[in-house]
Amino acid sequence: MDEALITNWNRRVSPHDTVYLLGDVFFHKADRAKEIVKRLNGTINVVMGNHDKVLRNNADLRSMFNRICPPLLEEKIDDINVVMCHYPLLTWNKAHHGSYMLYGHAHGNIAFDPNFRRLDVGVDNHNYAPISWDEIKAKLSVCNSTDVRDRY
């Protein structure tokens, strides 16, 4: 499984790409986790998840990532406010102004709703590979902003 995930990752992520991992990164001991990180392309930022004990407890492993981010992260990407959290949120900053909510944790158990700009970006929902920013924008740009705005 590790080899398939690493291969899928490196097929989608180039060395110059920026990646945000939204938690539950490893279910390995620290030494194996370090071996895996060394093989992954890209500049990797991590928003911690509830199963990231090995990452929380190992400073050497944490130092291998570009950033260990706060549990709720807001970034401006291509002029879009993007809220990232391990957990899905029902509402988020600037939700009624077109911002996106990206999350993991749910393993596809929350159906995509085109009335909300919210997306489960876990690899288990995307052929066990990272989803690209272009794919995220394509999926969330079709959301009905008028309906969303009326709900807030």
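Structure's up top.
Residues numbered from 1 in each chain as written. Predicted model: local features only at pLDDT ≥ 70, side-chain atom pairs only at ≥ 80, totals over all residues. Heavy atoms only, no water.

Let's shift gears to the overall build of the protein chain. Tallying secondary structure elements over the protein chain gives six helices and seven strands in all. Relative to a compact globule of 152 residues, whose C-alpha radius of gyration would be 15 Å, the protein chain shows 16 Å and is just as compact. Taken along the three principal axes of its C-alpha coordinates, the protein chain extends 50 × 30 × 30 Å. Burial analysis of the protein chain (152 residues in total) assigns 43% to the buried set. A sequence separation of at least 24 residues applies to 53% of the contacts in the protein chain between residues at least 6 apart. Only carbon and sulfur atoms are counted for the fraction: they give 51% of the accessible area of the protein chain, which is about 8600 Å². Where the 19 positive side-chain charges of the protein chain centre and where its 19 negative ones centre are 2 Å apart. (Helix = DSSP H or I, 4+ residues; strand = E, 2+ residues; numbered from the N terminus. Rg over C-alpha atoms; globule rule 2.2 N^0.38 Å. Buried < 20%, exposed > 50% of the residue type's maximum accessible area, 1.4 Å probe, protein only. Contact = heavy atoms within 4.5 Å. Areas by Shrake-Rupley, 256 points an atom, 1.4 Å probe, with all protein chains shown as cover. Lys, Arg positive; Asp, Glu negative; His and termini not counted. Charge placed at Lys NZ, Arg CZ, Asp CG, Glu CD.)

Now for the environment of N45. Here N45 is to be found in strand β2 (residues 43-47). With near-sequence residues (within four places) excluded, N45 lies in contact with T18, V19, Y20, L21, N66, R67 and C69. In terms of polar contacts, N45 uses its side chain to reach the side chain of N66, at 2.7 Å. (Polar contact = N/O pair within 3.5 Å; in protein donor to acceptor, adjacent residues only side chain to side chain.)

So, on to helix α2 (residues 30-38). Within α2, burial applies to A30, A33, K34, I36 and V37. Viewed end-on, α2 has its buried residues packed into an arc of 160°, placing them on one side of the element. Exposed and facing more than 90 degrees away from the buried side of α2 are D31 and K38. Close packing links the buried residues of α2 with α1 (2-12), α3 (53-56) and α4 (59-62). (Arc of directions from axis to C-beta.)

We now examine the pattern of salt bridges. Taken as a whole, this structure holds nine salt bridges when the rule is applied. Of the charged contacts in the structure, one is a salt bridge between E3 and R32, with a shortest N-O distance of 4.0 Å. You can see E3 sitting in helix α1 and its partner R32 sitting in helix α2, a full 29 residues away along the chain. Taking relative accessible area as the criterion, E3 reaches 41% and is therefore assigned partly exposed. Taking relative accessible area as the criterion, R32 reaches 25% and is therefore assigned partly exposed. For R32, the salt bridge goes to E35, with nearest N and O atoms at 3.1 Å. You can see R32 and its partner E35 sitting in helix α2, three residues apart, about one turn around the helix. By relative accessible area, which is 42% here, E35 ends up partly exposed. (Salt bridge = Lys/Arg side-chain N within 4 Å of Asp/Glu carboxyl O.)

Following the criterion strictly, the structure yields one aromatic pair and no others. With a centroid separation of 5.8 Å and 45° between ring planes, the pair formed by Y100 and W133 is classed as tilted. In this pair, Y100 is assigned in strand β6 (residues 100-103) and W133 in helix α5 (residues 133-141), connecting sequence segments 33 residues apart. For the pair shown, Y100 and W133 are each scored as buried. Over the ring of F116 we find R118, and its NZ or CZ is 5.5 Å from the ring centre. Taking NZ or CZ as reference, K139 lies 4.5 Å from the ring centre of F112, over its face. (Phe/Tyr/Trp six-rings, centres within 6.5 Å; stacked < 30°, edge-to-face > 60°. Lys NZ or Arg CZ within 6 Å of the ring centre and 35° of its normal.)

So yeah, pure geometry; function would need other evidence.
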